[in-house]
Amino acid sequence: MCERHPLHCIIPPYINDRLAQSENPALRSFAIANIRAAAAMRAKRVLTQSMPSLMVSAAPAKTKHRLVYDAQGKDRLPGKLLRSEGQGPVKDKAANAAYDNAGDTYDFYNTVFGRNSLDGNGMTLISSVHLAEVDDTGQFVPLNNAFWDGEQMAYGDGDNIIFRNFPSSLNVVGHELTHGVQSFTSNLEYLDQSGALNEHFADVFGSLVMQWSKDQTALQANWLIGADVVVPAPTRRAIRDMENPGTAYTNDPDLGTDPQPAHVSKIFSGPQDRGGVHINSGIPNRVFVLVAKALKGKAWDVAGRIWFDTMVQLTSTSQFIDCARLSVQIAGGKKYGAAAKKAVTNAWKAVGISV
Amino acid sequence: MKIRFTQSGGFVGLVKHADLDTDALSADDSKHLAELVQSSGLSASEQKLSAQGRDLEQYEIHLDDGSRKTSVVFDAKTVPASVKPLVGYLRKLARPKM
């Protein structure tokens, strides 16, 4: 529905332009107001098309505020409200897990990086659990996935044959919420190398929030993504291995063999997966682990801060080389020093990117 | 009719394929698949992907009935309701390359 004066919506721009030159002051004023309103509407439309999550309302007190919904085994979001901020646990385990893990991720970003929610301004964290998808008979079956839809997190229950417990994984929840953080910052385009960087940052901070919650050092961390959502089998141990890309699963009847490259010489260039956004993320993932392990200590302390600053300063079309240059530049700043710069430079060089 | 299906993306980023020929299927399977294609309403090539969604599964479907070829690309958020049962069928048959 048009929220402006009805005439503002229907007068063509060429008539407004002519009226703006009118000798009649009232008509001229009206036309200029129209042109300004139209420009504002165009700007708003462009902005919300590129970042629709800007339209999400802030939490009442602009502090940690979570809402968890039950999609009730259907494919519509958000579903029925199950738990709100401050309420005690409910009977639904998946809802409680989504609530707790969203809270841990909020606390991690707020404590470590001083970021108040996804938008930096206390945006409500909305999750839906028990999402389903349609099978060939038109019936709903549990969704074998978790995703960020641009405004909220959504989690399926998994088929319990390959995947399970998506909202119970802090890795997964931290990953999805980091997509939200990116939508308000670099907004890396979800295609090819910029998309692989988007996935990379989601894996980095999904891993760091888990390490932070366990108070692990970089050397203690296992650097696996989604180890707790794959149903155990000899052919699989996680969804991704950040330290050793391409080794999370091998000859698995349902998953195949992990396709992630560990070096730019093996970069995936096919059209699938939006140009391999989940595949080529293995390259910068390896870089981050090399940096974190070289610097030792808690990975979020130095490596994580360098990567957070890099993530929020990149632009939507940034490529691997842009990320490499910016992370080296940030690492070389007064906050971090020569050792950090050397570690970051060497790590990028190890995957074939020289800065 | 020949059908080529590729599923990719999702949180996992799996790439799976299914290549089907209704002439090579059993009579029941062939009829079921033909009905799913017909009820999908797919008649023109198009690509429709969510601008803001992340970790959504992506589906490519190529249909070739001998006289006409149709190619579509959707993701889990943009796939039309009429196409979902066809995707559900193809997803069950899709396998990763080993």
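Look up a bit, the structure's there.
Residues numbered from 1 in each chain as written. Chains lettered and ligands numbered in written order. Predicted model: local features only at pLDDT ≥ 70, side-chain atom pairs only at ≥ 80, totals over all residues. Heavy atoms only, no water.

### What to know about the overall build of chain B
Line of reasoning, step 1. The number of helices and strands found in chain B is 2 helices and 6 strands.
Line of reasoning, step 2. When the helices and strands of chain B are placed in sequence order, the string is β-β-α-β-β-β-α-β.
Line of reasoning, step 3. The globule rule puts the C-alpha radius of gyration for 98 residues at 13 Å, and the 13 Å found for chain B is close to it.
Line of reasoning, step 4. Its C-alpha atoms give chain B principal-axis dimensions of roughly 40 × 30 × 20 Å. (Helix = DSSP H or I, 4+ residues; strand = E, 2+ residues; numbered from the N terminus. Rg over C-alpha atoms; globule rule 2.2 N^0.38 Å.)

### Some points on helix H2 (residues 84-93) of chain B
Line of reasoning, step 1. By the criterion of burial, H2 of chain B is predominantly enclosed, with 7 of the 10 residues buried.
Line of reasoning, step 2. Within H2 of chain B, burial applies to Pro 85, Leu 86, Val 87, Gly 88, Tyr 89, Leu 90 and Arg 91 of chain B. (Buried < 20%, exposed > 50% of the residue type's maximum accessible area, 1.4 Å probe, protein only.)

### Side note on the interface of chain B and chain A
Line of reasoning, step 1. With 35 residues of chain B at the contact, the number on the chain A side is 45 residues.
Line of reasoning, step 2. Between chain B and chain A lies a buried interface of about 3,000 Å² when both sides are counted; carbon and sulfur atoms form 51% of it.
Line of reasoning, step 3. Three residues stand out in chain B for area buried against chain A, namely Phe 11, Gln 52 and Arg 54 of chain B, and they jointly supply 29% of the buried area on that side.
Line of reasoning, step 4. Linking chain B with chain A are 5 salt bridges.
Line of reasoning, step 5. Two residues, Asp 149 of chain A and Lys 77 of chain B, come together in a salt bridge whose shortest N-O distance is 3.8 Å.
Line of reasoning, step 6. Remark: the boundary between chain B and chain A carries 21 residue pairs in polar contact (both at pLDDT 80 or more).
Line of reasoning, step 7. At 6 residues, the largest contribution of residues to the side of chain B that touches chain A is made by H2 of chain B. (Contact = heavy atoms within 4.5 Å. Buried area = accessible area lost by both parts, 1.4 Å probe. Salt bridge = Lys/Arg side-chain N within 4 Å of Asp/Glu carboxyl O. Polar contact = N/O pair within 3.5 Å; in protein donor to acceptor, adjacent residues only side chain to side chain.)

### Observations regarding helix H10 (residues 320-331) of chain A
All names here are of chain A.
Line of reasoning, step 1. A rise of 1.5 Å per residue sets the reference length of H10, with its 12 residues, at 16 Å; its end C-alpha atoms lie 16 Å apart and thus fit the reference within 8%.
Line of reasoning, step 2. Among all positions of H10, only Phe 320, Cys 323, Ala 324, Leu 326, Ser 327, Val 328, Ile 330 and Ala 331 are buried.
Line of reasoning, step 3. If you follow the buried residues of H10, they end up packed against helix H6 (192-214), helix H8 (282-295), helix H9 (303-313) and helix H11 (338-350). (Expected span 1.5 Å × (residues − 1).)

### Focus on the sheet that holds strand S4 (residues 57-64) of chain B
All names here are of chain B.
Line of reasoning, step 1. Spatial ordering of the open sheet is given by S3-S5-S4-S1-S2-S6, a layout of 6 strands whose pairing is mixed. Looking along the sheet, the strands with just one partner apiece sit at the ends: strand S3 (46-48) and strand S6 (95-96).
Line of reasoning, step 2. Looking at chain direction, strand S1 (residues 2-9) and strand S2 (residues 16-21) are connected through 6 bridges and run antiparallel. Each residue of the ladder has a partner; that of Lys 2, found in S2, is Asp 21. (Pairing = 2+ DSSP bridges.)

### Section: the nonpolar core
Line of reasoning, step 1. Membership of the largest hydrophobic core comes to 81 residues, with the highest contact counts inside it found for Phe 205, Trp 223, Trp 307 and Trp 348 of chain A.
Line of reasoning, step 2. Looking at which element gives the most residues to this core, the answer is helix H4 (residues 93-113) of chain A, with 10 residues.
Line of reasoning, step 3. Judged by nonpolar contacts, the second largest core, of 20 residues, contains Ala 18, Leu 36, Tyr 59 and Val 87 of chain B. (Core = buried A, V, L, I, M, F, W, Y, C linked by side-chain atoms within 4.5 Å.)

### Describing the environment of Ala 340 of chain A
Line of reasoning, step 1. Relative to the assigned elements, Ala 340 of chain A resides in helix H11.
Line of reasoning, step 2. On a C-alpha basis, the gap between Ala 340 of chain A and Ala 248 of chain A in space is 29 Å, while along the polypeptide they are 92 residues apart.

### Re the side chain of Ser 40 of chain B
Residues and elements named next belong to chain B.
Line of reasoning, step 1. Structurally, the position occupied by Ser 40 is in helix H1 (residues 27-40).
Line of reasoning, step 2. The exposure class of Ser 40 is buried, given its relative accessible area of 4%.
Line of reasoning, step 3. For Ser 40, the side chain forms a polar contact with the main-chain oxygen of Val 37, separated by 2.5 Å.
Line of reasoning, step 4. Not counting the four nearest positions on each side in its chain, Ser 40 is found in contact with Ser 82, Val 83 and Leu 86.

### So, the packing of aromatic side chains
Residues and elements named next belong to chain A.
Line of reasoning, step 1. Inspection of the entire model under this criterion finds 14 aromatic pairs over all chains.
Line of reasoning, step 2. Relative to Phe 113, the ring of Tyr 109 has its centre 5.9 Å away and its plane inclined at 55°; by these criteria the two rings are tilted. In this pair, Tyr 109 and Phe 113 are both assigned in helix H4, 4 residues apart and thus about one turn of the helix distant.
Line of reasoning, step 3. You can call Tyr 109 buried: its relative accessible area is 3%. (Phe/Tyr/Trp six-rings, centres within 6.5 Å; stacked < 30°, edge-to-face > 60°.)

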